[in-house]
Amino acid sequence: MSSICIEATNENKLTVEEYVRYIKIKEHIQQVLENAKIEDALRSAEDSISGLTIDLTIKYSIDK
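Residues numbered from 1 in each chain as written. Predicted model: local features only at pLDDT ≥ 70, side-chain atom pairs only at ≥ 80, totals over all residues. Heavy atoms only, no water.

A.B. asks: Even after reading the chapter, I still don't get the overall build of the chain, so can you show me in this structure?
C.D. replies: Per the secondary structure count, the chain includes two helices and two strands. Along the chain, from the amino end to the carboxyl end, the secondary structure elements read β-α-α-β. In summary, the chain has a C-alpha radius of gyration of 15 Å against a globular reference of 11 Å for 64 residues, an excess of more than 25%. Judged by the C-alpha coordinates and their principal axes, the chain covers about 45 × 20 × 10 Å. By the burial criterion, 14% of the 64 residues in the chain qualify as buried. (Helix = DSSP H or I, 4+ residues; strand = E, 2+ residues; numbered from the N terminus. Rg over C-alpha atoms; globule rule 2.2 N^0.38 Å. Buried < 20%, exposed > 50% of the residue type's maximum accessible area, 1.4 Å probe, protein only.)

As structure tokens, this is what we get:
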């Protein structure tokens, strides 16, 4: 079964203002994934080949 995993590191290094913008960005990306029906596309691809599993990881990393 396909999965979409979201990882975030060093969120605590952001200022409050940056963190608010960061949350908005994460929400926007989640909407893009939902609107594009990415999870449905992954499931469909997996169904086309027996035993295929697709995992999509979205990684947010703050380097400050």
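A.B. asks: Explain the nonpolar core here, please?
C.D. replies: Taken as a class, soluble globular proteins show a tendency for nonpolar side chains to be buried jointly. Grouped together as the largest cluster of nonpolar side chains are six residues: L14, Y22, L33, I58, Y60 and I62. Among the secondary structure elements, those contributing two or more residues to this core are α1 (16-35) and β2 (55-61). What L33 contacts, discounting residues up to four positions off in sequence, is I4, I38, L56 and I58. (Core = buried A, V, L, I, M, F, W, Y, C linked by side-chain atoms within 4.5 Å. Contact = heavy atoms within 4.5 Å.)

A.B. asks: Help me out: how do you make sense of the packing of aromatic side chains in this one?
C.D. replies: Note on aromatic pairs: each is described by the distance of the centres and the angle between the planes. Applying the stated rule across the entire model yields two aromatic pairs. Ring geometry for Y22 against Y60: centres 5.7 Å apart, planes inclined by 85°, an arrangement best described as edge-to-face. Residue Y22 is located in helix α1, and its partner Y60 is located in strand β2; the two are separated by 38 residues in the primary sequence. Through pairs of rings, three or more aromatic residues link up here, namely Y19, Y22 and Y60. (Phe/Tyr/Trp six-rings, centres within 6.5 Å; stacked < 30°, edge-to-face > 60°.)

A.B. asks: What am I meant to see in the pattern of salt bridges here?
C.D. replies: If charged atoms from side chains of opposite charge come close, those side chains can pair. Scanning the model with the defined rule gives five salt bridges in all. The salt bridge partner of K26 is E11, with a shortest N-O separation of 3.4 Å. Pair noted here: K26 is in helix α1 and E11 is in the loop between β1 (3-9) and α1, with a separation of 15 residues, a long-range link. For E11, a relative accessible area of 24% corresponds to the partly exposed category. (Salt bridge = Lys/Arg side-chain N within 4 Å of Asp/Glu carboxyl O.)

A.B. asks: Teacher, can you tell me more about unusual backbone geometry here?
C.D. replies: Negative phi characterises most residues that are not glycine, and trans characterises most peptide bonds. With a phi angle near 65°, N10 is a residue other than glycine that sits in the positive phi range. For N10, the position within the fold is in the loop between β1 and α1. The residue K37 is not glycine, and still its phi comes out positive at about 55°. For K37, the location among the structural elements is in the loop between α1 and α2 (38-48).

Functional significance is not addressed by these values, which are geometric in nature.
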